[in-house]
Amino acid sequence: MDSASHITLAALGQQLLVGLSRTTILFIVSSGLSLILGVLRIPNVSHGSLYMIGAFVTYSVATFIGGQTGFWVALAVAPVAVGFLALAVERGIFCHLYEREHLMLLLFTFSLMLVLGDVVKLIWGSDYRSLAAPPMMQGSFSLGGMPFPRYNLFLLIMGPLVAVGLWALTNKTKIGKIARAAAVDREMVAAMGINVSWVFAFVFCLGCLMAGLGGALVAPTQNITQGMDHAIIMEAFLIVIIGGLGNMWGALLGAAIFGITDSIGILVWPQFAIVFPYVAVTIVLVFRPKGLLKSTW
Amino acid sequence: MQKQKLLGSRSLILVALLLAALALFPSMASRYYIYLVALMMVTGLLATSLNLVLGYGGMYQFNHAVFYGVGAYAAALLTVRGGVNPWWGYLLGPVVAAALSLLMGLICVRLSKLYFGMLQISLGSLVWAVVFRWYSFTGGDDGMHGVPVPRLIGSIDGAYYFVLIVTVVCLAVMYLIVNSPFGRVFQSIRDNPERAEAIGVNVRQHQLVGLVIAGFFGGVAGTLFVTVEGSVFPDMLFWTLSLEIIIMCLLGGWFTFLGPMLGGGMVVALRAVVGIYTDYWTMVLGIILMLLIFFLPEGVLGFFTARLGRGRAVREGD
C-alpha cells in the first residue's frame, strides 16, 4: 500500500513536470498571440498556422544540415523565417485593414489560416514528419525513480528564459515601451511623431516569431502534422483569454493552468484528458469573464 | 394584407418560381445533384439561423456549429442508443440544441462582442472535446454511421422533399420572427444597445431569446443533415466550421434575410466544383474570403440589393 502511494506520488510529480514542459510551449505561442491582441487588438487565428510552419521549417532545416548542429541552426532559422513571412503578410495585406471592425480582422486571419494550411500541404505533403531531438538532448534521466526526458528539461529552462527576454524587450527597450504605449492609446503615440504603423508591424512580426519559436521547440516532442494549427490555436486563444488579453504574465498563468490540468487529466482519466483544460477554462471564465490578470483592453 | 407589407409582389413571384423549380428538380436531376442541392439547403438553413444573432442581433456567435452538431447528435443518439422512433429524434434534436444554447447564453450573455464570442468558443470546444472523446456513447472521432431514418424519407427523393419542406417552413418562421416586434427590438439592440436599454428594453433577455431561437434552428439544420447523410461526426461541432458559417453569412450578405441561404449554398456548390479539380479547397475558400473582405464586405446579395435600391431611389427621385 505504502509503496503504491509512493509510486503515484512520483508519477504525479513526473506528470507535473511533463505538464510544465508543455506549459513552456503553450506559453511561448500564446504570449505571441497575447502581444498581438494587446497592441494591435487583432485575434490572430493564423497564429497556429505560423506555429505549424515553424515546426515544418525546423524539420526541413534540421534534417538538411543533420547532426548536432542541424537542430540548433533550425531553432534559430525557423522563428526568423516565420517572422519574415509575417512581416510580408502584414505589410502586404494586413496593414490596409486596421480600420475595419474586429470581426473582419478575425475573419481575415482565418482566411490566412486556410491558405497557409494548404500551402504547408503543398510544400510538405500530407504525411506526418518526426524529428529526433539533437543527440545531447536524447534519452532521459532518472528523477525520483521515474524517467524524465532530457529534452523536456531543456524546455523547462527555455520557458523562463523566453519569459524574461520578452519582459525585458517590452519593458526595458524603447521600442517595447512605445509598443505598450500604442496598446493603450495609439492616437497619442501617433501624435508624438511615432509611426504607429511600423510599431504595429514590429509587434505583429515579434508575436508571429514567437509562434515560430514555439513550433520549432515542439518539433522533437511530437509528430509534425497537418492539423497542428487547429489544435494549438484554440488552446492559445483560451490561454490568452483566461490570463487576460494582452497580459504576458497572464499568458504564463493561463499556459500553466492549461498544461498542468492536461497532464493531470492524463493521469486521472486518460480518455477525457482533453476535456480537463476546457473545464478549467470554463470555470475561470464563469467567475472571471475578463481573465485572471488585468487585460490591456 | 400583412403578407403584402412583408414581401413585395415581385419578390413573392420570384420566391414562388424558385420553389417550383426546387420542387421539380428531383425529376430532372441525377442522384448526386439531388443530394448536393439538399445539402445546399441544409447548409443555407444553418447559415440563416446563425445570421439571426450575427446579422440581426450583432452578436459574435463563434460556436454556432456546436448547435448544428448537437442537434444532429441528439437526433442520432436518441434513435441509435435510445431506440426511439426516429421522428422523435427530429423533434427533440432541435430542442436539445436550444436548451444547450440557453445554458451557454446564460453564461455568456453578460459579455459583449469579442469577449462574448471567445467565451462561446471555449464552451463550444468543451462540448466538442466531450463528443470527440466519448467513444462508448458518441462514437468518438469516428462519429456514427448508418443512422436509421424514417422510411418515408429514407430514399434520396424523400430526403430531398423533407429537407425542402422543413427548410421553407423554417425560413418562413424565421422571416416572421425577424419582422415581428421582437425582431425589431432585437435589431435596435444591435444598432445601439445603450439606447435600447434606456428606452426600457431588457437587452440581455432579448439577446438570450435570440440565442435560443438561433440554436433551435441550428439544431433543425443538424437533424436535416442526418437525413441527408445518415451519419454524424465530431467535425460538425468544430470551431473551424463555426467560422466557415460566418463566412457563408458574409459571402451571401448578412444584412439581407436570404443572403446567408445563398452564401451557404454557394460554399457547398463551390466545394463540390473545386473538389473536382484540386485537393486544395481550403486555400480556395481562404482566397475567396480575402477577396470578399477587401472588395465586397456587404456580401453578394447585399451588393445587389444595395445597387437595386440605389436604382430604385434614383427612379423615385425623378
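Keep in mind that what you see is a predicted model, and the values were worked out from it rather than measured. (Residues numbered from 1 in each chain as written. Chains lettered and ligands numbered in written order. Predicted model: local features only at pLDDT ≥ 70, side-chain atom pairs only at ≥ 80, totals over all residues. Heavy atoms only, no water.)

**Structural notes on the overall build of chain B**
Test applied: Counting from the N terminus, the helices are DSSP H or I runs at least four residues long and the strands are E runs at least two residues long. The globule rule used for comparison is 2.2 Å times the number of residues to the exponent 0.38, while the radius of gyration itself is calculated over C-alpha atoms. Think of it in three bands: residues with accessible area under 20% of the maximum for their type are buried, residues over 50% are exposed, and the middle band is partly exposed, with areas taken using a 1.4 Å probe on protein chains only. Computed with the Shrake-Rupley method and a 1.4 Å probe, the accessible areas treat only the protein chains shown as cover for residues. Positive charges come from Lys and Arg alone, negative charges from Asp and Glu alone, with His and the N- and C-terminal ends not counted. Taken as the charge location is NZ of Lys, CZ of Arg, CG of Asp or CD of Glu.
Secondary structure summary: chain B contains 15 helices and two strands in total. What you see for chain B is a C-alpha radius of gyration of 20 Å, in line with the 20 Å of a compact globule of 318 residues. Dimensions along the principal axes, computed over C-alpha positions, put chain B at roughly 65 × 50 × 45 Å. By the burial criterion, 54% of the 318 residues in chain B qualify as buried. Carbon and sulfur atoms make up 68% of the accessible area of chain B, which amounts to about 14,300 Å² in all. One finds the centroid of the 18 positive side-chain charges in chain B at a distance of 8 Å from the centroid of its 13 negative side-chain charges.

**Section: the interface of chain A and chain B**
The following threshold applies: Contacts: residue pairs with any heavy atoms within 4.5 Å of one another. A quick way to say it: buried area is the sum, across both parts, of accessible area lost when two parts are put together, with a 1.4 Å probe. Any Lys or Arg side-chain nitrogen found within 4 Å of a carboxyl oxygen on Asp or Glu counts as a salt bridge. Identification of polar contacts relies on pairs of N or O atoms within 3.5 Å, with a donor-acceptor requirement for protein atoms, meaning one able to donate a hydrogen and the other able to accept it, and with residues adjacent in sequence counted only if both atoms are side-chain atoms. Nonpolar residues are Ala, Val, Leu, Ile, Met, Phe, Trp, Tyr, Cys and Pro. Charged residues are Asp, Glu, Lys and Arg, and all others, Gly as well, are polar.
Across the boundary between the two partners, chain A contributes 44 residues, which contact 44 residues of chain B. For the chain A and chain B pair, buried surface summed over both sides reaches about 4,100 Å², with 81% attributable to carbon and sulfur atoms. Joining chain A to chain B, the criterion identifies zero salt bridges. Between the two partners, chain A and chain B, sit four residue pairs in polar contact (both at pLDDT 80 or more). Contributions of two or more residues to the side of chain A that touches chain B are made by helix 4 (102-124), helix 9 (228-243) and helix 11 (275-287) of chain A. Residue contributions to the side of chain A that touches chain B peak at 16 residues, all from helix 4 of chain A. Residue composition of the side of chain A that touches chain B, grouped by class: 32 nonpolar, seven polar and five charged.

**Re the environment of Val281(A)**
Considering the arrangement of structural elements, one finds Val281(A) in helix 11. Judged by its relative accessible area of 0%, Val281(A) falls in the buried class. Separated by 193 residues in the primary sequence, Val281(A) and Ala88(A) have C-alpha atoms spaced 34 Å apart. Contact partners of Val281(A), with chain neighbours within four places excluded, come to Leu238(A), Ile242(A), Phe258(A) and Ser122(B).

**A word on the packing of helix 5 (residues 86-108) of chain B against helix 6 (residues 113-133) of chain B**
All names here are of chain B. Note the following rule: For every element, the axis is a line fit to its C-alpha atoms; helices are fit only across the contacting stretch, and the angle between N-to-C directions ranges from 0 to 180 degrees. Angular relationships are summarised with four words: roughly parallel below 35 degrees, roughly antiparallel beyond 145, roughly perpendicular across 65 to 115, and oblique for the angles in between. Here is the rule for handedness: rotate from the far helix to the near one, and if that takes an anticlockwise turn smaller than a right angle the crossing is left-handed, while a clockwise turn gives right-handed.
Where helix 5 contacts helix 6, the two axes come as close as 10 Å, and the packing angle between them is 135°. Here helix 5 is positioned oblique relative to helix 6, judged by the angle of their axes. At the point where helix 5 passes helix 6, the crossing takes the right-handed sense. Contacts from Leu100, Met104, Ile107 and Cys108 of helix 5 reach helix 6 at Phe116, Leu119, Gln120, Leu123, Gly124 and Val127. Of the residues contributing to the contact of helix 5 with helix 6, the split by class is eight nonpolar, two polar and no charged.

**A short note on helix 4 (residues 64-80) of chain B**
The condition that has to hold: Helix span, as expected, comes to 1.5 Å for every residue beyond the first.
Taking 1.5 Å as the rise per residue, helix 4 of chain B with 17 residues should run 24 Å; its terminal C-alpha atoms sit 24 Å apart, in good agreement. The buried count for helix 4 of chain B comes to 15 of 17 residues, which makes it a mostly enclosed element.

**A look at the pairing of strand 2 (residues 146-149) of chain A**
Residue and element names in this part refer to chain A. The condition that has to hold: Strand pairing is assigned whenever DSSP identifies at least 2 bridges connecting the two strands.
Judged by which residues are buried, strand 2 turns out to be one-sided: Met146 and Phe148 face inward and are buried, whereas Pro147 and Pro149, on the alternate face, are not. Inspection of the sheet shows strand 1 (residues 140-143) paired to strand 2 by four bridges, in the antiparallel sense. Within the sheet, the bridge partner assigned to Leu143 lies in strand 2 and is Met146.

**A word on the confidence of the model for chain B**
All names here are of chain B. Let me state the cut-off plainly: Scored from 0 to 100, pLDDT records how confident the predictor is in each individual residue.
Model confidence for chain B is summarised by a mean pLDDT of 86, while 94% of its residues fall at 70 or above. Across chain B, the secondary-structure element scoring lowest on mean pLDDT is helix 1 (residues 2-6), at 46, and the one scoring highest is helix 11 (residues 203-229), at 93. Residue range residues 313-318 is modelled with pLDDT below 50. Its contacts to residues more than four positions away, or to other chains, number zero contacts.

**Some words on the packing of aromatic side chains**
For the record, the criterion: Each aromatic pair joins two rings of Phe, Tyr and Trp (for Trp, the six-membered one) with centres within 6.5 Å, and gets the label stacked for planes under 30 degrees apart, edge-to-face for over 60, and tilted for any other angle. Only lysine NZ and arginine CZ atoms are considered, and such an atom sits over a ring when it is within 6 Å of the ring centre and within 35 degrees of the ring normal.
Across all of its chains, the model carries 30 aromatic pairs over all chains by this definition. On the numbers, 5.8 Å between centres and 65° between planes, the contact of Tyr68(B) with Phe225(B) is edge-to-face. With a gap of 157 residues between them, Tyr68(B) in helix 4 and Phe225(B) in helix 11 connect regions that are remote in the sequence. Comparing Tyr68(B) with Phe225(B), the two get one shared label, buried. A network of ring pairs unites the aromatic residues Phe94(A), Tyr98(A), Phe108(A), Phe200(A), Phe204(A), Phe294(B) and Phe295(B) as a single cluster. For Arg91(A), the ring lying beneath its charged end belongs to Trp198(A), and the centroid distance is 4.5 Å.

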